Amino acid sequence: MDSDMDNDQEDGVLENPIGEDALLNNDFEVEENEDGSASIFPAGQDEIEDGEQPDFYENLAEKLISLSTQEALSIEYKEYIDIDKKARAKRDDQYTDALRRSGLGDDAPGGADFDGASKVVHPLIAEAAVDFSSRAIKELFPAEGAVRTKIEGKITPVKLQKADRKKRHMAWQLRKQIPEFRPALEQILTQVPMGGVQYSKMYYWDRGKRPKFEFIPLDDIYVPFHAVDFYSASRKTHRQRLNKMQFEERINSGLYIEVDLERVDDDIMDMESEAAKANEKIEGKEDPSYDEDGMRSVFEVYCWLSLEEDSLAQNDYKYAPYIMTIDGPTDKVLAIYRNWDPDLKEITFEALDWIIEWPFIPWRGAYAIGLSHLIGGLSAAATGALRALMDSAHINNAPTALKLKGSQISGQSMNIGITQVTEIDGAPGVDDIRKIAMPLPFNPPSSVLFQLLGFLVETGKGVVRTALDNSPEMSPNTPVGTELSRVEQGLVVYSAIHARMHGAMERTLGILHRLNKQHLQATVQEVDPTELDEHKGDWDDEVSIPLAFKEDYEGEIDVQPVSDPNIFSDHQRFAQLQSVQQLMQMFPQLYDARAFNKRMLQLLKVPNYEEFLPEPKGMEDENPATENIKMAMAQTASVMPDQDHLAHLQTHLDFADDPMYGSNPSIQNRLAAPLVEHLIQHMLMLYGTEVKIMIEQASGRKIKELMGQESEVRLAMSKAVAAASPLALEQTRGLLQKVLPVLQKFSQIAQANMPPQPMDPTQVAAQQVQMQAKDSTEKNQLAGQKLQTTTQIEQQKLQLKAADQEADKVSEQLRAQVDLAKNREDNATAIQISGMRALTGKSSGNLKNGNAIDQNFADGGLVSNQPTTEGN
């Protein structure tokens, strides 16, 4: 081969031209042809025919990027990964501490270490995390769908139809096509408060031919130390743990290049983060020896590279965004993909989002803070106080005692059963069992410590409150907006967190929109999508009527999450509807009562609420008797322009004056409001009809023919109306004089039945301030009284204890005096007996062994220990 190449060089012609630098540096590859010849070309490159454009979505590590460049990138970025991991080690410890302090893994730090010591953990952090997750998932992913339309600019029927199709299609995707979406989202929402921030990833799954969504824990994402926020970081690394099947699947699909499949991470468990280990304890997994799936680490780095070999990346800024994957066991570059949008009219080389950040409370750096930062200390203190109370109660009830040395009790302790009588042997001279053993005087659980525990818990819950406070319910007379403002102020912290979750969900839908634009199958038939809106109810008939078309995803995103960043609870929605209801009472002519009730039933989640709200019927020309019946049943009666208003008014007046009907107290309360409104409409319609008749009679033409846009016509019409109006008023005045008394009577009844008007907001605010001040004063007084009572009880206990000790001391002194007096009496008696025996010449015996003989007297020689004889 060398001779052939030399000959070719001598002739000045190369069969497969390669660069001079490649020859000098031996940076080329040789491929044997079928005829026995060989083709030489630069390493990592294929021959590109003239005019052939490279595939934008190809794996650059397979053919384009040289092996030397790949090795240099692997070495460089493996060092970056190690540095980034060490830089956030403290953050991993904080996340681990939060997981451990949740108490779910039975390894929360702290507490006493004696046998039987309490390991209970106060569920302050776990309760707050679960409560947050439960509220957030209901807003972000309700049962009716997680997507709604959002059209920018002028709204047209075509835009509405297109946005509606996309809304239905994406809602179906999140609910059915991506079944892991909701479980992964719930995982994210439970872990966000624990770690302060968590991540998710959405990408296209070639094998399933659909988008895929997965949760990425905080400890699997590395960003540089200097990063000020996640999305602007110069590099982002996602550490993945793949089993053998997953890794082979990616190689077979062409996502990765081929590597040594036998090599796996020997230190895969050592590389596992402490947070992952703490989570495994919560799940009940502690023995890693059962993990035999050939796990290996793969590092997916989202970075900016300057690759001269990539002709598509040449730009004025030198660097372009890429996704580079490095195999952990072999340190080999598995894939390099371009990460910008090639379909833009003007390529900006802006990095595309694939990983979404879900922050709890943002701080200065790239990592947001969570419950471990906000209430970690309070949670630890509450756990310590709870354990101290439990240990105190346990010790106070434990059979702990001191035993007198030398007693004849065998063993260290005696187990005495209930209702059992047990005998023990005491030491010589011990006639009281209490002199053998003494229980240790442990203090009972402290009431002050119990109050401190309640203070710690309440303070911790107040930091991130996800429920309304215990303030009294607002009165129906509360001004419009007061209740809504109270709700918003009570949940001000949660509302900001919810807005951030809404933003993360919006980014997620943006990625899904981009994936659908790229991968959604084109329609088989050439049909304009706007002509298929009649099939909007065909949700699952994907074969005949697609939910959306590939063309629908061209252009701007016209959908958004169904959650509202300004509304984060049903309580807030009810407060809004309460405010609307008050406005409806003040201005009933401006609002649609049916629409209001429809919204209320939807909020109450009443199934098939349409049954309670049938479609309104059109206005009908009814006879006055039917109208009387409807109004007596508190229903509205319609007034038509062509009715005989005089006949209707007379019929209504007769019905209202009748004592058995309209004037009946059981009917007139319901009749009042609709009758007043109906009479006023007839009066006004009668006036308008009379004016119309007079103008038509005078002109001989229909009034519609006299209506025009010209100013002369309008001017003439106005003059005609001015002339006819006094005559119309004169003709209708007679009947209306009969109407006015009835109208006034029923107006007063309707006014009496109306609910009271809302109070002045200033007065209500002042009353609320006074009530809050009063409640605060009463609470302070009760707290002071409780503290004073507790202090008095503690002082009384101390006094009683001191009195008991003093009584015991006095009792001991009296017992000693009695014993001394008894000993003296016994000694005096012994002396008398000894003297009498000495006088009679009898032996006195060994009085030294008497029970109460004073020892000094016995040893003084007055009592002899030797026997005497009669002669002496």
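What counts and how
Residues numbered from 1 in each chain as written. Predicted model: local features only at pLDDT ≥ 70, side-chain atom pairs only at ≥ 80, totals over all residues. Heavy atoms only, no water. Pairing = 2+ DSSP bridges. Helix = DSSP H or I, 4+ residues; strand = E, 2+ residues; numbered from the N terminus. Axes fitted to C-alpha atoms, helices over the stretch in contact; angles between N-to-C directions. Contact = heavy atoms within 4.5 Å. Buried < 20%, exposed > 50% of the residue type's maximum accessible area, 1.4 Å probe, protein only. Parallel < 35°, antiparallel > 145°, perpendicular 65-115°, else oblique. Core = buried A, V, L, I, M, F, W, Y, C linked by side-chain atoms within 4.5 Å. 1 Å grid on protein atoms, 1.4 Å probe; cavity = no way out; pocket = protein on both sides within 12 Å on 5 of 7 lines; lining within 4 Å. Points joined across faces, edges and corners; volume = space filled by probe spheres on them. Nonpolar A, V, L, I, M, F, W, Y, C, P; charged D, E, K, R; others polar. Phe/Tyr/Trp six-rings, centres within 6.5 Å; stacked < 30°, edge-to-face > 60°.

1. Thoughts on the sheet that holds strand β4 (residues 197–205)
With antiparallel pairing, 3 strands are arranged side by side in an open sheet as β5-β4-β11. Both edges of this open sheet fall to β5 (210–216) and β11 (355–359), since each of them pairs with a single strand only. Ignoring strand direction, the axes of neighbouring strands in this sheet form an average angle of 20°. Judged from the 5 bridges that link them, β4 and β11 form a sheet pairing that is antiparallel. Across the sheet, Gln-198 pairs through a bridge with Trp-358, a residue of β11. The sheet strands contacting helix α8 (residues 181–195) are β4, β5 and β11, and the helix crosses β4 at an angle near 155°.

2. A few points about the side chain of Thr-237
Summarising the element assignment, Thr-237 is placed in strand β7 (residues 235–242). Relative accessible area serves as the criterion here: at 1%, Thr-237 is assigned to the buried category. Apart from residues no more than four positions distant in its own chain, Thr-237 is found in contact with Ile-81, Asp-220, Ile-221, Tyr-222, Phe-299, Glu-300 and Val-301.

3. Quick notes on the packing of helix α5 (residues 89–101) against α8
Interhelical geometry of α5 versus α8 gives an angle of 115° and a closest axis separation of 8 Å. Here α8 runs roughly perpendicular to α5, going by the angle between their axes. Residues Arg-91, Tyr-95, Ala-98 and Leu-99 of α5 form the contact with α8, whose own contacting residues are Gln-191, Met-194 and Gly-195.

4. Looking at the nonpolar core
Of all hydrophobic cores here, the largest spans 72 residues; its most connected members are Phe-132, Leu-174, Phe-181, Leu-189, Tyr-199, Met-202 and Trp-358. The greatest single-element share of this core, amounting to 9 residues, is contributed by helix α15 (residues 492–519). Discounting residues that sit within four places of it in the chain, Met-202 has contacts with Ile-178, Phe-181, Lys-212, Phe-213, Trp-354, Thr-508, Ile-511, Leu-512 and Leu-515. Membership of the second largest hydrophobic core comes to 23 residues, among which are Leu-73, Tyr-222, Tyr-322 and Val-333.

5. Regarding unusual backbone geometry
In the Ramachandran plot, Asp-331 falls in the positive-phi region, its phi being about 60° despite a non-glycine side chain. Secondary-structure assignment places Asp-331 in the loop between β9 (320–327) and β10 (333–338).

6. Some remarks on the layout of surface pockets
Gaps between atoms show up when a probe of the same size as a water molecule is rolled over them. Here the second largest pocket is characterised by a volume of approximately 1200 Å³. Contributing to the lining of the second largest pocket are 44 residues, with Leu-352, Asp-353, Gly-510, Arg-514 and Ile-557 lying nearest its centre. With 8 residues, α15 is the largest single contributor of residues to the lining of the second largest pocket. For the lining of the second largest pocket, the per-class residue count stands at 21 nonpolar, 8 polar and 15 charged.

7. Topic: the packing of aromatic side chains
Centre-to-centre distance and the angle between the planes together describe a pair of aromatic rings. Within the structure shown, the criterion is met by 12 aromatic pairs. A ring pair is formed by Phe-132 and Phe-360, whose centres lie 5.3 Å apart and whose planes are at 80°; its orientation type is edge-to-face. Of this pair, Phe-132 sits in helix α6 (residues 124–140) while Phe-360 sits in the loop between β11 and α11 (371–374), and the two are 228 residues apart along the sequence. Here the two residues Phe-132 and Phe-360 agree in accessibility, since each one is buried. Ring geometry for Phe-181 against Phe-213: centres 4.4 Å apart, planes inclined by 45°, an arrangement best described as tilted. Placement of the pair is Phe-181 in helix α8 and Phe-213 in strand β5, with a sequence separation of 32 residues. The residues Phe-181 and Phe-213 share a single accessibility class, namely buried.

Note that every value here comes from positions in space, so none of it alone points to a role or purpose.
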